[in-house]
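Chains, contacts and geometry: an overview
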Amino acid sequence: MHVPIILLEETAAKCLYATQNDEEQWSYLFRTEGNQEFWYYTTDDLEDLEIEVADYGQDFFTDFDNQRLAQISNGEDEPSPEELSKLRKTVARWQLEQGYDDARTGFIVPVSVGSVVAGYAVFDCGRIEGFDDPALVSAYHSIEEARKAARDMGEVVHIFV
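Let me sum up the structure you'll find in this document.

Reading guide: rules and limits
- Going along each chain's sequence as written, the residues are numbered from 1 onward.
- Restriction of local features to residues with pLDDT of at least 70 applies here, the model being predicted, together with a cutoff of 80 or more for giving and counting side-chain atom pairs; totals for whole chains, interfaces and linings are based on all residues.
- Excluded from the side-chain calculations are hydrogens and water; all other atoms, namely the structure's heavy atoms, are used.
- To qualify as a helix, a DSSP run of H or I must reach at least 4 residues; to qualify as a strand, a run of E must reach at least 2; elements of each kind are numbered from the N terminus.
- It only takes one pair of heavy atoms within 4.5 Å for two residues to be counted as in contact.
- By definition, no residue in a patch forms a salt bridge, and every one has over 30% relative accessible area; like charges are joined within 9 Å, nonpolar side chains (Val, Leu, Ile, Met, Phe, Trp, Tyr) within 5 Å.
- Only the protein chains shown count as cover for residues, and the accessible areas themselves come from Shrake-Rupley with a 1.4 Å probe.
- Salt bridges are defined as contacts in which a side-chain nitrogen from Lys or Arg sits within 4 Å of a carboxyl oxygen from Asp or Glu.
- For the charge count, each Lys or Arg is scored as positive and each Asp or Glu as negative, with His and the chain ends excluded.
- Charge positions are represented by NZ for Lys, CZ for Arg, CG for Asp and CD for Glu.
- Accessible area is worked out with a 1.4 Å probe on protein chains only. A residue is then buried under 20% of its type maximum, exposed over 50%, and partly exposed in between.
- We define the nonpolar core as a collection of buried residues of types Ala, Val, Leu, Ile, Met, Phe, Trp, Tyr and Cys that are connected through side-chain atoms lying within 4.5 Å of one another.
- One less than the residue count of a helix, multiplied by 1.5 Å, gives the span that helix is expected to have.
- Should DSSP find at least two bridges between two strands, the strands are taken to pair.
- Whenever a helix is involved, its axis is fitted only over the stretch in contact; in every case the axis is a line through C-alpha atoms, and angles between N-to-C directions fall within 0 to 180 degrees.

With respect to the secondary-structure elements, L96 resides in helix 5 (residues 81-98). Beyond its immediate stretch of four places on either side in the chain, L96 contacts W39, Y40, Y41, A103, V156, V157, H158 and F160.

Next up, the structure:
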């Protein structure tokens, strides 16, 4: 069944707002069977990450050769902007996997029309701490399209499958 995207979006929004005043507010996002939560950092979030090279072990420096790492660790040289960017992404990925709650969050939720899953809606909920009212990003016909849309929302994204 091929349902127009606009109908998927309208259905998803209607289902979401039906749970706005539930005891578990917005439960459509996390109680719908087949939902997938994702956490992410935007480019601006990564820029705000304060990185002290000495605070991170060898596992974070897989892109650095040992000599370069020693130069940076000993204070002989500073990481280049490119090296710092790679390190920020590595640290951000690790933080998402460890469950740090300073990231942003969203949900991919199956959208049923009748009794059949006809597509998937992507919702942005802002920061994990403080959880904003969810905003519908869009709807998609396949889970793969929805996951791609979720990955496009951030510089570093972790989808909990």
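After that view of the structure, there is still more to cover.
Moving on, we come to a negative patch on the surface. The grouping of D44, D48, E50 and E52 at the surface amounts to a negative patch. With respect to the helices, strands and loops of the structure, D44 is situated in helix 3 (residues 43-48). The exposure class assigned to D44 is exposed, which follows from its relative accessible area of 56%.

Leaving glycine out, the prevailing phi sign among residues is negative, and the prevailing peptide bond configuration is trans. Its identity is not glycine, yet W26 carries a phi of approximately 65°, on the positive side. With respect to the helices, strands and loops of the structure, W26 is situated in the loop between helix 1 (5-18) and helix 2 (27-31). Residue classification places W26 among the buried positions, given a relative accessible area of 2%.

By size, the foremost hydrophobic cluster in this structure holds 15 residues, and its most contacted members are Y28, L29 and F123. Mapped by element, the contributors of at least two residues to this core are helix 1, helix 2, strand 2 (104-113) and strand 3 (116-127). Looking at which element gives the most residues to this core, the answer is strand 3, with 4 residues. Residue contacts for L29: discarding those within four places in its chain leaves L16, N35, F107, V109, F123, C125, F131 and P134. Formed by 12 residues, the second largest nonpolar core is a distinct cluster that contains F38, Y140, I143 and A146.

Turning next to helix 5. Helix length check: helix 5 (18 residues) gives 25 Å between terminal C-alpha atoms against 26 Å at 1.5 Å per residue, within 8%. Regarding helix 5, the residues found buried are E83, L87, R88, V91, A92, Q95 and L96.

So, about the pairing of strand 1 (residues 36-41). Two faces belong to every sheet, and in a regular strand the side chains alternate between them. Counted residue by residue, strand 1 has 5 buried out of 6 residues, so it is predominantly covered. The pairing of strand 1 with strand 2 spans 5 bridges and is antiparallel. Considered in strand 2, the bridge of Y40 is made with R104. Bridge count for strand 1 against strand 5 (residues 156-159) is 4 bridges, and the pairing is antiparallel. When the sheet's bridge partners are listed, Y41 is paired in strand 5 with V156.

Attention now goes to the sheet that holds strand 1. With respect to topology, 5 strands assemble into an open sheet ordered 4-3-2-1-5, the strand pairing being antiparallel. The open sheet has two edge strands with one neighbour each: strand 4 (135-140) and strand 5. The average undirected angle you get between the axes of adjacent strands in this sheet is 25°. Summarising the sheet, strand 2 and strand 3 pair through 9 bridges and their orientation is antiparallel. Counterpart to G106 in the pairing with strand 3 is D124.

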